[in-house]
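Fold and contact review
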Amino acid sequence: MHETDMTKSLILTVKDWYQSQPEPPKIEKIHLIVGQFTCVEPVSLQFAFEVQTRNSFLADVELVIKDIPLVAFCHSCQQEYKPEIGLQYSCPGCNSPMEDIRAGRELKIDRIEYSSLNSHHEVFH
Ligand SMILES: [Zn+2]
């Protein structure tokens, strides 16, 4: 299952960062950016995260997922359009096949919210 592997690498990334901190921070939220064209289901990802972080340093951390819609660019029409995933990927104006994806393939940590020594921080990636 795609989301399970995804979650494993997500946890490893956060763990590296966590262990590089001088004081163990208290992580509150992990903000993720997930493009629709990655085929990752936010609900499955939430579930995999919850299962895999149980009893770990990430237990009770909230995963906040931001969806990025698929956007393609048609060079013939010189404009962006939004393909319908699973249904229609070609340009609605001229029917050329999708060749240039401008958004929707992102899959990364946007930022981590955490607190340490009574202060609140955000780290950006
Ligand atoms: Zn076109």
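Here the structure is shown first, and the text comes after it.
If you're wondering where the values come from, they're calculated on a predicted model, not measured in any experiment. (Residues numbered from 1 in each chain as written. Predicted model: local features only at pLDDT ≥ 70, side-chain atom pairs only at ≥ 80, totals over all residues. Heavy atoms only, no water.)

**Thoughts on helix α1 (residues 2–19)**
Counted only if it meets this: Helix and strand definitions here come from DSSP, where helices need a minimum of 4 consecutive H or I residues and strands a minimum of 2 consecutive E residues; each element is numbered from the N-terminal end. In this analysis, the expected span of each helix is defined as 1.5 Å times one less than the number of residues it contains. Note on classification: 1.4 Å probe, protein chains only; a residue is buried when its accessible area is under 20% of the maximum for its type, exposed when over 50%, partly exposed between these limits. It is the directions from the helix axis to the C-beta atoms that the arc portrays.
If you check α1, its first and last C-alpha atoms are 26 Å apart, about what 18 residues at 1.5 Å a residue would give, namely 26 Å. Those residues of α1 lying buried are Glu-3, Met-6, Thr-7, Leu-10, Ile-11, Val-14, Trp-17 and Tyr-18. For α1, the angular spread of the buried residues around the axis is 135 degrees, confining them to a single face. Facing away from the buried side of α1, by more than 90 degrees, are the exposed residues Leu-12, Asp-16 and Gln-19.

**Let's talk about the packing of α1 against helix α2 (residues 42–53)**
How two helices sit against one another is set out by the angle between their axes and by the gap between those axes. For clarity, the cut-off: All axes are obtained by fitting lines to C-alpha atoms, using only the stretch in contact for helices, and the reported angles, taken between N-to-C directions, cover 0 to 180 degrees. Roughly parallel means an angle under 35 degrees; roughly antiparallel means over 145; roughly perpendicular covers 65 to 115; every other angle is labelled oblique. Crossing handedness follows the turn of the near helix against the far one: under a right angle anticlockwise gives a left-handed crossing, and clockwise gives a right-handed one. We call two residues in contact whenever any of their non-hydrogen atoms come within 4.5 Å of each other. In this classification, Asp, Glu, Lys and Arg are treated as charged, Ala, Val, Leu, Ile, Met, Phe, Trp, Tyr, Cys and Pro as nonpolar, and every other residue, Gly included, as polar.
Contact geometry for α1 and α2: axes closest at 9 Å, N-to-C directions at 55 degrees. With respect to α2, the axis of α1 lies oblique. In the packing of α1 onto α2, the handedness of the crossing is right-handed. Residue-level inspection shows Glu-3, Thr-4, Met-6, Thr-7, Lys-8, Leu-10 and Ile-11 of α1 in contact with α2, the latter providing Ser-44, Leu-45, Ala-48, Phe-49, Gln-52 and Thr-53. Its residues assigned to classes, the contact of α1 with α2 shows six nonpolar, five polar and two charged.

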